[in-house]
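# Coordinate analysis (summary)
The chain contents come next:
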Amino acid sequence: LLHGSALAVPLWVERGAPEGSAVRALEGLIKEAEGQAVLQALVRSRLQPLLFPPAYPVIFAGTPASSVFFVESGCCAATVNGREVSRMLPGDFFGEVGMMVALQRTADVRTVVAVEALEIPADDLWQLLAASPSLNAALRATANTRLAYASADCGEGGGF
């Protein structure tokens, strides 16, 4: 699978449907009252498991936001204007700032070590957010907090 300007390896063949820390993190963001059916449908049909090698540029600031990534294993670092602003570990997510508030990527994100991640494309994410107000609120709150932090710390237009 070609992702961005480099190669990312799909994991469906080796692992089947994802069930790790990223899925548990999603479960935590979706309120029980909204039902597990929403999450199960998403996991079965929309999350694309990917494997990124160390030092891999996953997203680039200034490019259109087209998906959100959930870290399954490994570690990614977000940088704004060349300055590291965050590290994402298993269960964390990134790419939501561009999707929820900025319409384009506001940070560069690169893997620190090999990373297994789950990607959800924009169209599928919007459908999930419509079905899960708690997930929508959680992603929007995180996006706003990250954008404010990076903007204050790195100058206007920061984020991740």
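Residues numbered from 1 in each chain as written. Predicted model: local features only at pLDDT ≥ 70, side-chain atom pairs only at ≥ 80, totals over all residues. Heavy atoms only, no water.

## Considerations on the overall build of the chain
Across its full length, the chain holds 6 helices and 11 strands. Per-residue burial over the chain gives 47% buried out of 160 residues. Here the analysis covers contacts within the chain between residues at least 6 apart in sequence; of these, 78% occur between residues at least 24 apart. Surface exposure of the chain reaches about 7500 Å², of which carbon and sulfur atoms provide 56%. (Helix = DSSP H or I, 4+ residues; strand = E, 2+ residues; numbered from the N terminus. Buried < 20%, exposed > 50% of the residue type's maximum accessible area, 1.4 Å probe, protein only. Contact = heavy atoms within 4.5 Å. Areas by Shrake-Rupley, 256 points an atom, 1.4 Å probe, with all protein chains shown as cover.)

## Some details on unusual backbone geometry
One non-glycine residue, Ala 55, lies in the positive phi region at around 60°. Mapping Ala 55 onto the fold places it in the loop between strand 4 (48-52) and strand 5 (57-59). If you check the backbone angles, Asn 81 has positive phi at about 55° while not being a glycine. With respect to the helices, strands and loops of the structure, Asn 81 is situated in the loop between strand 7 (76-80) and strand 8 (83-88). Asn 81 sits in the exposed class, given a relative accessible area of 65%.

## Looking at the side chain of Glu 119
If you trace the backbone, Glu 119 turns up in strand 11 (residues 115-121). The side chain of Glu 119 sits in the buried core without any salt bridge; Arg 105 is the nearest counter-charge, 5.8 Å away. In terms of polar contacts, Glu 119 uses its side chain to reach the side chain of Ser 67, at 2.7 Å. (Lys, Arg positive; Asp, Glu negative; His and termini not counted. Salt bridge = Lys/Arg side-chain N within 4 Å of Asp/Glu carboxyl O. Polar contact = N/O pair within 3.5 Å; in protein donor to acceptor, adjacent residues only side chain to side chain.)

## Describing the environment of Ala 55
The class of Ala 55 is partly exposed, set by a relative accessible area of 44%. Leaving out residues up to four positions away in the same chain, Ala 55 has contacts with Arg 110, Thr 111 and Val 112.

Don't take any of this as a statement about function, it's just geometry.
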